[in-house]
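A structural walkthrough
Chain by chain, the residues:
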Amino acid sequence: MAAPAGYNYAAGAGIYDFPAAVVFAVFYVFLLVFFAFKSFSRPTFVFFVMSFFCTIRVAAFILRSLLAKVTADAENVNFFVAYSVIYNIGFFGLLYSTFTLVLDRFACAKNQPHGPFFALLRRRFIFRLALTTAVTLGITGSIQSLYGTQTSTISTGDTLRKVATFIFLGCTAVVLLLAFLLARVEAYGGSGGSGYSFGGRYGTYILIVISLLLLARETFFAATIDKPNVQGNEHVWYPLAALSELLAVMLFATPGLVPPRSEIPQDSPWA
């Protein structure tokens, strides 16, 4: 059923901590400046996407800070929906950027794996389609859950959000699997990429750490999907969801992790 007049949506979702939201917004502002500079000095797809992701996160945490501080905003369902939508669409870019970097390093590997299993895993279109589906279902589910006036509509919205969560979890697990396979390939056959920078030498292990951080985030959401009070608890949400994501983004700033397009063999099936 629809929430009564004066209902505090922020409090209902466990949003109270104004300083924490501001701190995260500030961190993402600095990261946005960094990735925006990289996008112009060394234009690559990953830097552009990371700039977009940081922009989304700055907006999301500004909205979250207002929800925590301003009662009128906290009681405005449209404001809360805007925060939910903006926050949810950001993860697409972060996960897809990780997927892209893993495939780029596969393309540079000297002994690239072949076979139908690997051909399926490296299909960027399928991965984008899965992420797009998850974002669409998540947004639709959130809207139906918040705006629904009938039990059936709210129930459908909750189901859509659960499906979206598990799609994200599955996609994150695929990225982690690919990162571990990449480490094995490079251990036996070596990498053809640049090894002069820290990111060039240890990029695969950095990508494994990034994938583990993202998997921790998605595992938290999946494990608490039927426990909204736990999922919304900021003492748990910030370290397991927000902080793990922020650390992953910061690792993208590792020098040499993102290779120039000129170093990636375009004739490779992994490119």
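In short, a report on the structure. (Residues numbered from 1 in each chain as written. Predicted model: local features only at pLDDT ≥ 70, side-chain atom pairs only at ≥ 80, totals over all residues. Heavy atoms only, no water.)

Let's shift gears to the pattern of salt bridges. For the coordinates displayed, the defined rule picks out nine salt bridges. The shortest N-O distance in the salt bridge between glutamate 245 and arginine 57 comes to 2.6 Å. Highlighted residues: glutamate 245 in helix H11 (residues 234-251) and arginine 57 in helix H3 (residues 45-69), separated in sequence by 188 residues. Of the charged contacts in the structure, one is a salt bridge between aspartate 104 and arginine 124, with a shortest N-O distance of 3.5 Å. Of the two residues, aspartate 104 is situated in helix H5 (residues 77-108) and arginine 124 in helix H7 (residues 124-147); the sequence distance between them amounts to 20 residues. The exposure class of arginine 124 is buried, given its relative accessible area of 17%. Residues joined in a network through salt bridges with shared partners are Arg57, Arg217, Glu218 and Glu245. (Salt bridge = Lys/Arg side-chain N within 4 Å of Asp/Glu carboxyl O. Helix = DSSP H or I, 4+ residues; strand = E, 2+ residues; numbered from the N terminus. Buried < 20%, exposed > 50% of the residue type's maximum accessible area, 1.4 Å probe, protein only.)

The subject of this paragraph is the packing of helix H2 (residues 18-41) against H3. The contact between H2 and H3 brings their axes to 8 Å, and the two run at 160°. With respect to each other, H2 and H3 are oriented roughly antiparallel. Crossing angle aside, the handedness with which H2 passes H3 is left-handed. Split by residue class, the contact of H2 with H3 holds 20 nonpolar, four polar and four charged. (Axes fitted to C-alpha atoms, helices over the stretch in contact; angles between N-to-C directions. Parallel < 35°, antiparallel > 145°, perpendicular 65-115°, else oblique. Left-handed = near helix turned anticlockwise from the far one by under 90°. Nonpolar A, V, L, I, M, F, W, Y, C, P; charged D, E, K, R; others polar.)

The next point concerns the environment of glycine 203. With respect to the helices and strands, glycine 203 occurs in helix H9 (residues 198-223). On the basis of relative accessible area, glycine 203 is assigned to the buried category, the value being 0%. Distance from glycine 203 to valine 258, taken between C-alpha atoms, is 8.6 Å for residues 55 residues apart in sequence.

Residues Tyr28, Phe61, Trp237 and Val249 are the most contacted members of the largest nonpolar core, which totals 75 residues. Here the element with the most residues in this core is H5; it accounts for 17 residues. In this structure phenylalanine 61 touches Ala21, Phe24, Ala25, Tyr28, Tyr87, Trp237, Tyr238 and Ala242, once residues within four positions along its chain are discounted. (Core = buried A, V, L, I, M, F, W, Y, C linked by side-chain atoms within 4.5 Å. Contact = heavy atoms within 4.5 Å.)

Another aspect to go through is the packing of H3 against H5. Running from N to C, H3 and H5 point in directions that differ by 155°, and their axes come no closer than 8 Å. Between H3 and H5, the angle falls in the class roughly antiparallel. Judged by the twist between their axes, the crossing of H3 over H5 is left-handed. Looking at the contact of H3 with H5, its residues break down into 23 nonpolar, four polar and two charged.

One can find leucine 131 in helix H7. Judged by relative accessible area, leucine 131 falls into the buried class, the value being 0%. Residues leucine 131 and alanine 164, 33 residues apart in the sequence, show an inter-C-alpha distance of 8.7 Å. Not counting chain neighbours up to four residues away, the residues in contact with leucine 131 comprise Phe92, Leu95, Tyr96, Phe168 and Cys171.

Compared with the 46 Å implied by 1.5 Å per residue over 32 residues, the 49 Å span of H5 between its first and last C-alpha is a close match. Of all 32 residues in H5, 25 are buried, a share of seventy percent or more. With a side-chain oxygen positioned 2.9 Å from the backbone nitrogen of asparagine 78, the residue opening H5 is asparagine 76. (Expected span 1.5 Å × (residues − 1). Polar contact = N/O pair within 3.5 Å; in protein donor to acceptor, adjacent residues only side chain to side chain.)

Overall, the coordinates contain 23 aromatic pairs when judged by the stated rule. Where phenylalanine 61 meets tyrosine 87, the ring centres are 6.4 Å apart and the plane angle is 90°; that geometry is what we call edge-to-face. Placement of phenylalanine 61 in helix H3 and of tyrosine 87 in helix H5 is noted, with a sequence separation of 26 residues between them. Of the two residues examined, phenylalanine 61 and tyrosine 87, each falls in the buried class. Both rings, one in tryptophan 237 and one in tyrosine 238, keep their centres 4.9 Å apart while their planes meet at 85°; by these two values the pair is edge-to-face. Taken individually, tryptophan 237 and tyrosine 238 each receive the classification buried, so the pair is uniform in this respect. The residue whose ring lies beneath lysine 69 is phenylalanine 18, and the NZ or CZ to ring-centre distance is 5.2 Å. Sitting over the ring of phenylalanine 91, arginine 217 keeps its end group 4.2 Å from the ring centre. (Phe/Tyr/Trp six-rings, centres within 6.5 Å; stacked < 30°, edge-to-face > 60°. Lys NZ or Arg CZ within 6 Å of the ring centre and 35° of its normal.)

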